[in-house]
Number of protein chains: 2
Amino acid sequence: MKTQRNCLIAQSGGPTAVINASACGVIQEAMGHNEIDEIYAANNGILGVLNGEIFDLRAEGPHAIEGLRTTPSAALGSCRHKVGTSEEYDTILDVFQRFHVRFFFYIGGNDSQDTANKVDQRARQDGYELLTIGIPKTIDNDLACTDHCPGYGSVIKYLATMTMEAARDTEALRTADPVNIIEAMGRNAGWIAAGTALAKRDEDEAPHIILLPERDFDGNAFKARVDHFLSSLGWCVIVVSEGVKHPDGSYLAQQAGEFSQDSFGHRQLGGAAMYIKDLVEREVKVKARFAVPSTIQRNGVHFASLTDSNEAYLLGQRAVQAACEGTSGKMMTLERTCDDPYRCDTGLAALAEVANGEKLLPDEWIGGDGFSLTQEFLRYARPLIQGELPAIIEGGLPQFVRLKKKLI
Amino acid sequence: MKTQRNCLIAQSGGPTAVINASACGVIQEAMGHNEIDEIYAANNGILGVLNGEIFDLRAEGPHAIEGLRTTPSAALGSCRHKVGTSEEYDTILDVFQRFHVRFFFYIGGNDSQDTANKVDQRARQDGYELLTIGIPKTIDNDLACTDHCPGYGSVIKYLATMTMEAARDTEALRTADPVNIIEAMGRNAGWIAAGTALAKRDEDEAPHIILLPERDFDGNAFKARVDHFLSSLGWCVIVVSEGVKHPDGSYLAQQAGEFSQDSFGHRQLGGAAMYIKDLVEREVKVKARFAVPSTIQRNGVHFASLTDSNEAYLLGQRAVQAACEGTSGKMMTLERTCDDPYRCDTGLAALAEVANGEKLLPDEWIGGDGFSLTQEFLRYARPLIQGELPAIIEGGLPQFVRLKKKLI
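What you see is a predicted model, and the numbers here were worked out from it, not measured in a lab.

### Here we look at the overall build of chain A
Looking only at helices and strands, chain A has 12 helices and 13 strands in total. For 408 residues, the compact-globule formula gives about 22 Å, and the C-alpha radius of gyration of chain A, at 22 Å, lands near that figure. Based on the C-alpha atoms only, the size of chain A along its principal axes is roughly 80 × 45 × 40 Å. Expressed as a percentage of contacts within chain A between residues at least 6 apart in sequence, the contacts between residues at least 24 apart total 76%.

### A word on the pairing of strand 4 (residues 101-108) of chain B
Residues and elements named next belong to chain B. Counting buried positions along strand 4 yields eight of eight residues, so the element is predominantly enclosed. Of the strand pairs in this sheet, strand 1 (residues 6-11) and strand 4 are connected by six bridges, and their pairing is parallel. Considered in strand 4, the bridge of Cys7 is made with Phe103. Bridge analysis of strand 4 against strand 5 (residues 131-136) gives six bridges, and the strand direction is parallel. Each residue of the ladder has a partner; that of Phe103, found in strand 5, is Leu131. Handedness of the crossover joining strand 4 and strand 5 through helix 5 (residues 110-126) is recorded here as right-handed.

### Regarding the pairing of strand 10 (residues 330-339) of chain A
Residues and elements named next belong to chain A. Where strand 5 (residues 131-136) meets strand 10, two bridges bridge the pair, whose relative direction is parallel. Each bridged residue has a counterpart across the sheet, and for Gly134 the counterpart in strand 10 is Met331. As defined by bridge partners, strand 10 adjoins strand 11 (residues 342-350) across nine bridges and the pair is classed as antiparallel. What sits directly across from Cys338, in strand 11, is Arg343. Where strand 10 folds back on strand 11, the antiparallel hairpin that results is connected by two residues.

### Some details on the relation of the copies chain B and chain A
Each copy superposes on the other: chain B lies on chain A with an RMSD of 0.0 Å after a rotation of 180 degrees and an axial shift of 0.0 Å. The superposition operator between the copies reduces to a two-fold rotation axis. When you check the interface residues of chain B against chain A, 100% turn up at the interface there too, and the contact is symmetric in its surfaces.

### Some thoughts on the packing of aromatic side chains
Residues and elements named next belong to chain B. Inspection of every chain in the model, using the stated rule, returns 24 aromatic pairs over all chains. Measuring from centroid to centroid gives 6.2 Å for Trp191 and Trp365, while their planes differ by 85 degrees, and the two rings are edge-to-face. Residue Trp191 is located in helix 7 (residues 191-195), and its partner Trp365 is located in the loop between helix 11 (351-354) and helix 12 (375-381); the two are separated by 174 residues in the primary sequence. In terms of burial, Trp191 and Trp365 fall into one category: buried.

### Quick word on the confidence of the model for chain A
The predicted model of chain A has a mean per-residue pLDDT of 94, with 96% of residues at 70 or higher. Quick note on the complex model: pTM equals 0.96, ipTM equals 0.96.

### Topic: the interface of chain B and chain A
Taken together, the contacts link 72 residues of chain B with 72 residues of chain A. Buried area between chain B and chain A, summed over both chains or domains, comes out near 6100 Å², and the portion from carbon and sulfur atoms is 53%. Linking chain B to chain A there are six salt bridges. When the shortest N-O distance is used, the salt bridge between Glu171(B) and Arg402(A) registers 2.6 Å. Across the chain B-chain A interface, the total number found is 39 residue pairs in polar contact (both at pLDDT 80 or more). Counting residues per element, the ones that place at least two in the side of chain B that touches chain A are helix 6 (152-172), helix 9 (272-284), strand 9 (288-291), strand 12 (393-394) and strand 13 (397-398) of chain B. Here the residues of the side of chain B that touches chain A are counted per class, giving 33 nonpolar, 20 polar and 19 charged.

### Points about the sheet that holds strand 1 (residues 6-11) of chain A
All names here are of chain A. In spatial order, the strands read 3-2-1-4-5-10-11; together these seven strands make up an open sheet with mixed pairing. Each edge of the sheet is formed by a strand with only one pairing partner; in this case those strands are strand 3 (54-56) and strand 11. For this sheet the average axis-to-axis angle between neighbouring strands, irrespective of direction, equals 30 degrees. Seen against the sheet, helix 1 (residues 19-30) touches strand 1, strand 2 (39-42), strand 4 (101-108) and strand 5 and runs at an angle of roughly 175 degrees to strand 1.

### Details of the packing of helix 1 of chain A against helix 10 (residues 306-324) of chain A
Residues and elements named next belong to chain A. As a packed pair, helix 1 and helix 10 sit with axes 7 Å apart at the nearest point and diverge in direction by 40 degrees. By the angle class used here, helix 1 and helix 10 are oblique. As helix 1 runs across helix 10, the sense of the crossing is right-handed. On helix 10, the residues touching Ala21, Ser22, Cys24, Gly25, Val26, Gln28, Glu29 and Ala30 of helix 1 are Ser309, Ala312, Tyr313, Gly316, Gln317, Val320 and Gln321. Tallied by class, the residues present in the contact of helix 1 with helix 10 amount to seven nonpolar, seven polar and one charged.

### Comments concerning the nonpolar core
Among the nonpolar cores identified, the biggest contains 165 residues, and Leu57(A), Phe105(A), Phe377(A), Leu57(B), Phe105(B) and Phe377(B) are the most heavily contacted of them. Once residues lying within four places of it in the same chain are set aside, the contact partners of Phe105(A) are Cys7(A), Leu8(A), Ile9(A), Ala10(A), Val26(A), Ile133(A), Ile135(A), Ala319(A), Val320(A) and Ala323(A). The next biggest cluster of nonpolar side chains, apart from the first, holds 57 residues, and it includes Val240(A), Val244(A), Ala272(B) and Ala273(B).

### What to know about the packing of helix 4 (residues 86-98) of chain B against helix 5 of chain B
Residues and elements named next belong to chain B. Contact geometry of helix 4 with helix 5 gives a least axis separation of 10 Å together with a crossing angle of 75 degrees. Relative to helix 5, helix 4 is oriented roughly perpendicular. Along the contact surface, helix 4 presents Ser86, Tyr89, Asp90, Ile92, Leu93 and Phe96, while helix 5 presents Thr115, Lys118, Val119, Arg122, Ala123 and Asp126.

The rules behind the values
- Residues numbered from 1 in each chain as written.
- Chains lettered and ligands numbered in written order.
- Predicted model: local features only at pLDDT ≥ 70, side-chain atom pairs only at ≥ 80, totals over all residues.
- Heavy atoms only, no water.
- Helix = DSSP H or I, 4+ residues; strand = E, 2+ residues; numbered from the N terminus.
- Rg over C-alpha atoms; globule rule 2.2 N^0.38 Å.
- Contact = heavy atoms within 4.5 Å.
- Buried < 20%, exposed > 50% of the residue type's maximum accessible area, 1.4 Å probe, protein only.
- Pairing = 2+ DSSP bridges.
- Right-handed = clockwise from strand over helix to strand, strands pointing away.
- Least-squares fit on C-alpha atoms with pLDDT ≥ 70 in both.
- Phe/Tyr/Trp six-rings, centres within 6.5 Å; stacked < 30°, edge-to-face > 60°.
- pLDDT = per-residue confidence, 0-100.
- Buried area = accessible area lost by both parts, 1.4 Å probe.
- Salt bridge = Lys/Arg side-chain N within 4 Å of Asp/Glu carboxyl O.
- Polar contact = N/O pair within 3.5 Å; in protein donor to acceptor, adjacent residues only side chain to side chain.
- Nonpolar A, V, L, I, M, F, W, Y, C, P; charged D, E, K, R; others polar.
- Axes fitted to C-alpha atoms, helices over the stretch in contact; angles between N-to-C directions.
- Parallel < 35°, antiparallel > 145°, perpendicular 65-115°, else oblique.
- Left-handed = near helix turned anticlockwise from the far one by under 90°.
- Core = buried A, V, L, I, M, F, W, Y, C linked by side-chain atoms within 4.5 Å.

Pasting the structure below:
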């Protein structure tokens with residue numbers, strides 16, 4: 001009897017609106033490959049591997065698998081566990097061996113690509129035959145070696161829409177609430193906050209000020225910009241990235257407390273908008289409101305980018321094809337060949353190169369005032385938000401799938 | 001030469017996703033009535049009347065008027081000005097006389113209906129011929145005499161969707177971030193927070209706990225519910241209304257500072273979610289995240305309720321019809337005749353009855369645990385979120401109209 005050659009899919013880190021589209025691409029493609037026998041998933045990312053919590057994706061049925069494309073967040077479950085010890089890597093390979101896993105598809109951000117890289121290296125060292133392919137996923141858009149990351153197009157499409165809609169509120173109520181502040185995710189990279197610049201169809205439109213972590217916060221220059229818009233327009237909408245820092249390196253959103261760091265040592269941010277609100281009320285002496293969309297922004301599948309969703313799916317498909325051709329130790333990448341008309345193909349990058357890298361917003365894409373983005377950035381970002389993923393609605397609300405996850 | 005008989009439309013208070021649909025209904029209906037000559041709008045609500053800032057809606061063009069249906073917030077401009085003095089009412093009637101205003105349509109919430117009522121009474125006293133009709137508008141759904149208020153269906157459809165989407169994030173990341181808290185608007189009425197119960201399609205679905213201002217906050221009972229969901233499901237999503245209070249009457253969101261009250265003396269709330277987050281982390285000892293959608297929730301025209309939008313439009317139309325039949329001193333109301341199939345007609349209520357009333361969530365619609373809603377509430381709310389207003393998208397983002405507002 002032939003030994004099984006199974007594949008295992010896992011999702012990791014912060015969810016996005018399209019991470020399940022990548023999983024769907026892997027699963028549907030794997031079903032068409034004779035090289036692959038069982039199609040397994042780990043429950044909650046690498047934690048599921050470590051705990052031996054593996055479930056069979058063929059048992060979920062084709063309707064549930066197709067429904068992944070319109071279901072936000074990580075349907076396989078995710079985690080923020082950092083694989084730290086050599087023993088943990090031993091356990092991972094033990095579990096792989098037990099479940100006859102010969103293909104490992106890991107959908108995640110920087111830390112996940114690092115984990116995938118170490119699993120790949122350890123398998124080689126131990127002489128365990130394994131093909132490991134990383135699939136990029138992060139709203140933060142901060143992965144090295146790829147033009148952009150699946151999840152980014154959808155988060156900026158949704159956050160730009162929120163900004164446009166809330167800005168009309170501020171404009172209408174400017175005699176009472178003339179300043180509004182919206183907090184963007186993105187950790188130390190300003191990509192998400194920058195993406196809201198797409199909302200600005202003309203000079204007077206919001207957002208009027210974008211605060212990026214790539215620029216130290218300059219309170220006086222900021223106050224002068226707010227004053228400018230209040231006197232010229234009578235209202236001002238500000239997007240502030242959660243990762244903006246003071247010149248001394250401290251976060252605007254500095255938070256104390258035992259849960260302020262995750263297990264990777266990343267600081268959990270939140271509170272930048274409130275800081276700016278207080279500053280505006282104290283220094284500019286007008287009333288300010290603020291919004292913190294938090295995890296809502298990254299799960300907006302009811303208004304996700306079709307381009308983003310399709311690319312996420314394609315990367316999943318191509319990952320299976322690459323592995324079936326014998327590729328390992330690589331992450332799938334997106335390679336843009338043209339801005340207009342937008343064309344993008346997939347490629348491969350070494351996991352080692354991607355692992356734990358961080359791609360910041362190019363300095364030359366930030367406007368001279370430090371509060372805006374250049375046309376070059378807009379040319380980069382605009383194609384990523386095109387098209388709307390058709391949402392599945394039932395009774396006025398989105399309809400999602402939930403996997404049965406019967407553990408093996 | 002015949003003296004002009006003009007109409008004036010104004011919008012007031014917090015914007016909604018469909019307040020412009022009501023304006024559109026008034027304008028398009030008024031265009032078909034010979035009794036009405038010019039169709040004017042006040043810039044920024046009653047402030048525009050007081051300042052004589054009046055503009056001609058016929059000059060805006062039919063495309064812009066039709067585009068109001070898919071443009072959020074208050075396109076005529078809004079305000080939070082409380083008409084207080086007798087001199088201000090004199091000024092309003094002077095301006096009406098100057099612009100030959102004989103029809104006054106005021107789209108707003110409690111305070112606006114109060115203002116409309118006083119304008120109507122003053123006109124009668126002074127013998128100035130004026131027909132005043134109020135058109136209800138408030139996401140808070142707290143107006144007396146009407147089954148529900150335009151704006152409510154859309155805010156709960158959108159907030160329930162946000163809750164469903166963010167809940168999937170919490171579920172997927174429950175090993176890291178097991179608790180998520182979403183703050184709902186609604187001041188002292190729990191209608192909006194209650195509406196997120198529609199997201200809960202089965203027992204395990206979010207929101208697991210809904211904190212309503214109609215119930216004093218009971219920290220121990222709350223903690224027990226959180227513990228229950230964490231041990232049974234491993235995750236817990238909480239919707240907290242901004243207006244929830246401690247048993248001593250103080251707000252969870254108690255905020256100090258000079259801008260903490262608007263000119264009606266309403267306390268500006270915000271911070272309830274952060275209070276709950278801190279409490280969960282301190283008392284339950286797990287990490288919690290929170291989101292404050294703030295004004296984003298009331299402007300979500302990209303996913304607005306078609307039922308809500310159509311009713312808002314209809315009320316505008318019927319207001320004009322009522323005024324042209326000689327009605328004055330009334331607010332248009334929505335009168336439901338059947339839940340399933342949903343049928344709703346319009347009616348009229350005396351402005352004096354509506355003015356400054358506040359309709360709380362019926363006590364019997366709150367579940368026995370104080371953290372949930374009954375089937376009766378769901379039967380009431382479900383029809384209001386049905387259908388999706390077709391959004392106008394250009395280049396991946398919504399397209400709104402902006403009126404030229406050339407002042408006369």
